[in-house]
Amino acid sequence: MGEIDRRSFLAASAAALTLAGHAGAAELPALGPLAKAAGLDFGAAVGPWLWREADFRAAVLRDCTAIVPEYEWKWDYLARAGRRPDLQPIQRYLAFAEASGLALRGHTLVWHGAMPPWYPAAAGRREALRLMTGHVTDVVASARGRVRRWDVVNEAVAPEDGEPDGLRRTPLLAQIGRDYVEIAFRAAAEADPAARLIYNDYGLDAPYGAARREAVLRLVEQLVARGTPIHGVGVQSHLAAADGYDGEALAVFAARLQEMGLEFLVTELDVANPGPGPGPGGAPDHEVAAVYAHYLAGVVEIPNLTGIFTWGLSDRHSWITASQRPLPYDGAMRPKPAWDAIADALRRRAAETHRLTA
Ligand code: G3I
């Protein structure tokens, strides 16, 4: 099957999936229109279950304005068969998103947690640059003009590693040097000048996160000062009901980003809640929803917020054990109180947006 044939086949099959998903969507409440009214993207991490589960797909089509592949666009997955990446997963999600009117967030080009199994433990700067920029260029160019945002680099800071600038000790830092982050962003921008390029990290809302916040701000300030094409920072927002978070520190962090002209995104929101929930609406569901409500009440006040993504939509697929019930839908695709909390936050942002633009 030639390239054109394959693309048209993918588009046709995606369109078929979309039509199937839309059937019956009209009568259910939906987060997507609320997100659009708020001028935000609302999205969720998805996986191959998107193709096989019609009930999950229908919820995505109802609730999301964007999707992010949870693992199939990572270097280790794309290059699992060898040095040349398998780009079929890229094309499949592109076809579905375009047939469904959804935006795509690409996750993630460079992450120490998803290096291909064949990546050399030792390599000189020239070889490491060839491998990293070759991967970034191959992947981003294959979707040129069709991906709204790319998480270019993920989790590059680790103050506990003891580096003076707080960078995480990774093979790419050792092999290329401290400019590997800037080089990755420049390679992505060259491959797709239209894409919004994001730095993504965790623990930036944590009570213990001050050193992480400072290290990320130091990194992005240097990138911006050097004219690096970077457009925003993603805060993963993996919350735990018991741990809490520092909403004030997060607001200050976001304000520093706004001073640099950078977007602020919530990129992997979920709320872990120890212990199995007793069932729909049980105490843990309400505890989880209360964390969503309180966290998002602060987030939707952040002026440079451009998107909220949950890390999955249903407990059926969460990376956190489903018994902790961390997501807006349960395993049977019933919306939970957390779904209502997200809807309320989007309504609040929409009302504020309307007030400001009225
Ligand atoms: O589904 C396949 C299965 O068919 C196969 O048999 C099996 C063994 O190869 O792999 C399964 O895929 C796994 C996938 O999760 C789905 O369960 C991948 O191996 C596994 O690597 C993947 O883990 C992902 C992890 O990142 C590493 O990429 C998780 O889904 C994903 O939730 C997690 O997400 C990360 C973010 O990217 C960065 N922030 C932290 C977050 C949580 O760790």
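Residues numbered from 1 in each chain as written. Predicted model: local features only at pLDDT ≥ 70, side-chain atom pairs only at ≥ 80, totals over all residues. Heavy atoms only, no water.

(A) Local environment of the overall build of the protein chain. Secondary structure summary: the protein chain contains 13 helices and nine strands in total. Counting over 358 residues, the protein chain shows a buried share of 59%. Taking all contacts inside the protein chain whose residues are at least 6 apart in sequence as the whole, residues at least 24 apart take part in 76%. Accessible area of the protein chain: about 14200 Å², with a carbon and sulfur share of 56%. (Helix = DSSP H or I, 4+ residues; strand = E, 2+ residues; numbered from the N terminus. Buried < 20%, exposed > 50% of the residue type's maximum accessible area, 1.4 Å probe, protein only. Contact = heavy atoms within 4.5 Å. Areas by Shrake-Rupley, 256 points an atom, 1.4 Å probe, with all protein chains shown as cover.)

(B) Main features of the packing of helix H7 (residues 125–141) against helix H9 (residues 180–191). At a closest axis distance of 8 Å, the pairing of H7 and H9 adopts a crossing angle of 35°. You can see that H7 and H9 cross each other, and the crossing is right-handed. Contact residues: Arg125, Leu129, Met132, Thr133, Val136, Thr137, Val140 and Ala141 in H7; Tyr180, Ile183, Ala184, Ala187, Ala188 and Ala191 in H9. A breakdown of the residues in the contact of H7 with H9 according to their chemical character gives eleven nonpolar, two polar and one charged. (Axes fitted to C-alpha atoms, helices over the stretch in contact; angles between N-to-C directions. Left-handed = near helix turned anticlockwise from the far one by under 90°. Nonpolar A, V, L, I, M, F, W, Y, C, P; charged D, E, K, R; others polar.)

(C) Structural view of the pairing of strand E8 (residues 263–272). Counting buried residues along E8, ten of its ten residues qualify, which places the element largely inside the surrounding structure. Pairing between strand E6 (residues 232–235) and E8: four bridges, direction parallel. Paired with Gly234 across the strands is Leu265, a residue of E8. Here E8 pairs with strand E9 (residues 305–310) via four bridges, running parallel. Opposite Phe264, over in E9, you have Leu305 as the bridge partner. (Pairing = 2+ DSSP bridges.)

(D) Here's a closer look at empty space enclosed by the protein. Per the stated rule, a full pass over the model turns up one cavity of 30 Å³ or more. Quantified by volume, the largest cavity comes out at close to 50 Å³. Lining of the largest cavity is provided by Val110, Trp111, His112, Met115, Asn154, Glu155, Ala156, Thr170, Leu172 and Tyr180. Its residues assigned to classes, the lining of the largest cavity comprises six nonpolar, three polar and one charged. (1 Å grid on protein atoms, 1.4 Å probe; cavity = no way out; pocket = protein on both sides within 12 Å on 5 of 7 lines; lining within 4 Å. Points joined across faces, edges and corners; volume = space filled by probe spheres on them.)

(E) Quick peek at the site of the ligand. Near the ligand, the surroundings consist of Glu70, Tyr71, Lys74, His107, Trp111, Asn154, Glu155, Gln236, His238, Glu268, Trp311 and Trp319. Measuring from a nitrogen atom of the ligand, one finds a side-chain N or O atom of Glu268 at 2.7 Å. At 3.0 Å, a side-chain N or O of Trp311 approaches an oxygen atom of the ligand. In terms of residue class, the shell around the ligand is made up of four nonpolar, four polar and four charged. (Near = heavy atom within 4 Å. Polar contact = N/O pair within 3.5 Å; in protein donor to acceptor, adjacent residues only side chain to side chain.)

(F) Region of interest: the pattern of salt bridges. Tallying each qualifying case throughout the model produces 25 salt bridges. For the salt bridge of Arg186 with Glu182, the shortest nitrogen-to-oxygen distance reads 2.9 Å. One end of the pair, Arg186, and the other, Glu182, are both in helix H9, four residues apart, so they sit about a helical turn from each other. Of the residues examined, Arg186 reaches a relative accessible area of 33% and is grouped as partly exposed. (Salt bridge = Lys/Arg side-chain N within 4 Å of Asp/Glu carboxyl O.)

(G) Geometry of the nonpolar core. Ile67, Trp150, Tyr199, Phe264, Tyr292, Tyr295 and Ile308 are the most contacted members of the largest nonpolar core, which has 106 residues in total. In terms of residues, this core owes the most to one element, H9, which gives nine residues. If near-sequence neighbours (up to four positions away) are discounted, Tyr292 is found in contact with Leu269, Asp270, Val271, Thr310, Pro326, Leu327, Pro328, Ala338, Ala341 and Ile342. (Core = buried A, V, L, I, M, F, W, Y, C linked by side-chain atoms within 4.5 Å.)

(H) Molecular detail of the packing of helix H10 (residues 210–225) against helix H11 (residues 247–259). Relative orientation of the contacting elements H10 and H11 amounts to 5°, with a least axis distance of 11 Å. In terms of axis orientation, H10 runs roughly parallel to H11. Along the contact surface, H10 presents Arg213, Glu214, Val216, Leu217, Val220 and Glu221, while H11 presents Ala249, Phe253, Arg256 and Leu257. Broken down by class, the residue content of the contact of H10 with H11 amounts to six nonpolar, no polar and four charged. (Parallel < 35°, antiparallel > 145°, perpendicular 65-115°, else oblique.)

(I) Looking closely at the pairing of strand E3 (residues 103–111). Most of E3 sits out of view: nine of its nine residues are buried. The parallel pair E3 and strand E4 (residues 149–154), bridged by H7, forms a crossover whose chirality is right-handed. (Right-handed = clockwise from strand over helix to strand, strands pointing away.)

(J) Structural detail: the packing of aromatic side chains. Evaluated as defined, the whole model comprises eight aromatic pairs. Relative to Tyr77, the ring of Tyr71 lies with its centre 5.4 Å away and its plane at 85°, an arrangement referred to as edge-to-face. By relative accessible area, which is 32% here, Tyr71 ends up partly exposed. Note on Tyr77: relative accessible area 23%, which makes it partly exposed. Measuring from centroid to centroid gives 6.3 Å for Trp75 and Trp118, while their planes differ by 80°, and the two rings are edge-to-face. (Phe/Tyr/Trp six-rings, centres within 6.5 Å; stacked < 30°, edge-to-face > 60°.)

(K) Local environment of the side chain of His135. Within the fold, His135 resides in helix H7. The residues touching His135, leaving out its near neighbours within four places in the chain, are Trp75, Leu78 and Leu109.

None of the figures reported here should be taken as evidence of function without further support.
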